[in-house]
Structures are given as C-alpha cells and as structure tokens.
Amino acid sequence: MAKHGGYAAIALAAATALVVPSHAAPSAVLSSNQGDVDRLRLMTPSAFQARTTLSDDALDRVATLTSTNGFVEHRSFGGHAPDDVFLRAFIDKTTGQVSYQVYASIRYRAYSWVRWDSATYEAPGGPLSARVDRIARLRTVCRRGWICPRSETIGLRIAGSVLRQQAERYIPGVMTPWQFKVTARAGGERILMLSTAEIAGMLMAVDAYRVGHHLPQP
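What comes next is a walk through the structure. All values reported here derive from a predicted model rather than from experimental measurement. (Residues numbered from 1 in each chain as written. Predicted model: local features only at pLDDT ≥ 70, side-chain atom pairs only at ≥ 80, totals over all residues. Heavy atoms only, no water.)

## A few points about the nonpolar core
One recurring pattern in soluble globular proteins: nonpolar side chains tend to sit buried together.
Point 1. Residues Val102, Leu156, Ile158, Trp178 and Phe180 are the most contacted members of the largest nonpolar core, which totals 41 residues.
Point 2. Beyond its immediate sequence surroundings of up to four residues, Leu156 is in contact with Tyr100, Gln101, Val102, Ala119, Ala130, Arg131, Val132, Phe180 and Val182.
Point 3. Membership of the second largest hydrophobic core comes to 6 residues, among which are Met43, Phe48, Phe71 and Tyr170. (Core = buried A, V, L, I, M, F, W, Y, C linked by side-chain atoms within 4.5 Å. Buried < 20%, exposed > 50% of the residue type's maximum accessible area, 1.4 Å probe, protein only. Contact = heavy atoms within 4.5 Å.)

## Topic: the packing of aromatic side chains
Point 1. In total, this model carries 4 aromatic pairs according to the counting rule given.
Point 2. On the basis of an interplanar angle of 25° and a centroid distance of 4.6 Å, the ring pair of Phe86 and Tyr103 is categorised as stacked. Of this pair, Phe86 sits in strand E5 (residues 84-92) while Tyr103 sits in strand E6 (residues 98-110), and the two are 17 residues apart along the sequence. One exposure class covers both Phe86 and Tyr103, and it is buried. (Phe/Tyr/Trp six-rings, centres within 6.5 Å; stacked < 30°, edge-to-face > 60°. Helix = DSSP H or I, 4+ residues; strand = E, 2+ residues; numbered from the N terminus.)

## With respect to the sheet that holds E6
Point 1. Taken in spatial order, the 6 strands line up as E2-E3-E5-E6-E10-E9 in an open sheet, and their pairing is antiparallel. Single-partner strands in this sheet number two, and they are strand E2 (53-55) and strand E9 (132-139). Taken over all neighbouring pairs, the strand axes of this sheet differ in orientation by 20° on average, direction set aside.
Point 2. Inspection of the sheet shows E2 paired to strand E3 (residues 62-66) by 3 bridges, in the antiparallel sense. For Leu54, the partnering residue across the bridge sits in E3 and is Leu65. (Pairing = 2+ DSSP bridges. Axes fitted to C-alpha atoms, helices over the stretch in contact; angles between N-to-C directions.)

See the structure below:
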C-alpha cells in the first residue's frame, strides 16, 4: 500500500507534453478511486490528528510533525505509483513559532527531469505564489534515451494563517479540498490537493504539542 497524506491519487492532473502518462479527466479519476474518495470524505480532523507523526528528542531544537500516515490509499492510480502529498510542521521548542510545508513527491515518466520550480495555491483573495524548495529527485535505472519513471520531491512554504483559513472550510462528510498547482520550468503543470480535514488535523496536533510543552501560543 502507498502512503498519502491527502488527495494525491485523486488529484487533478493537467495533461502536458512533459509528463508522459495519460491523464484522466477529473470525473474518471474520481470514479476509478471511488472507494478511497469515500473513505477520505469521512475522515475527520481528529482522525488525522491521531495519525500525525512526531519526530522529537532531547537534542532537537525543532520538533517535526508530519501527516504522511494520515490517509493510506488502497491502490495506485493508473497502474503507477501515485503522487504523494502531505503536510509538515516545524515547531521551535523555545519560542513556539511554527513553519509549515506542503511536501509533494510528483511521479511521472519522461526522458529528462521536468523540474517543478514554481507553484500557486488557492486563497480567499485569489491564487498566491508559494516558494518552492527542491528536496529530492529519483529515477529508476533504464537504458539511455528511454523514457524512465521519475520522482521529484518539492516543498511549498505555506503561512499558518492560510492553513487556518482552509481548515475553517472543513464540513463533516463533505469533500472540501484545498488545491495548489505546481509548474515546471518548461511549462508543464499539475494540480494537487489536500483535504481540509487533514489541514485541520495538523493544526490541532500543533496546538496540542504547544500546550503539552507549555510553549507560547500564536
């Protein structure tokens, strides 16, 4: 089973010349993953909070919370490993200050690296730009000149205020995704999503850590 923090396997994927596999229309994607969609729709912020992973010990100055285990898909999309999207929160153990990152591993088949280097995300006043940090690149071993399965992992820095706005959109039992779009250097793009329940669950986990460690609240 593949681990995913949000809507990676049912994300809307824009067809591009750079990304080789065919991209289904949104309705087809949702239909082919209906079981996962239904499970995700019913997940609550409390369920995501309970599955949040904490990395912290006495020698760490920053505690790290991740939602990588928040939602586990039962099958891959289109016979390929789906994209993986989740949240990370970095809590300064002295000041209580928190920075947030959307962690996205984008998988595709191509002759060369796509290089996702810009992103925009959904906000109440219209799309906003996010800083893109390159984290990792992986590809399978294949013959020179062949199309190879590849994965590029990036991080998008997102303000806590933006995430709290999105968390407020959560409605029990209703699909309320938060969308963002990543764009490649040569112009290809892909739209990905996170569940507002997952966002709310992460914020709850952060607040609980701060309270439990007597850290200042925002």
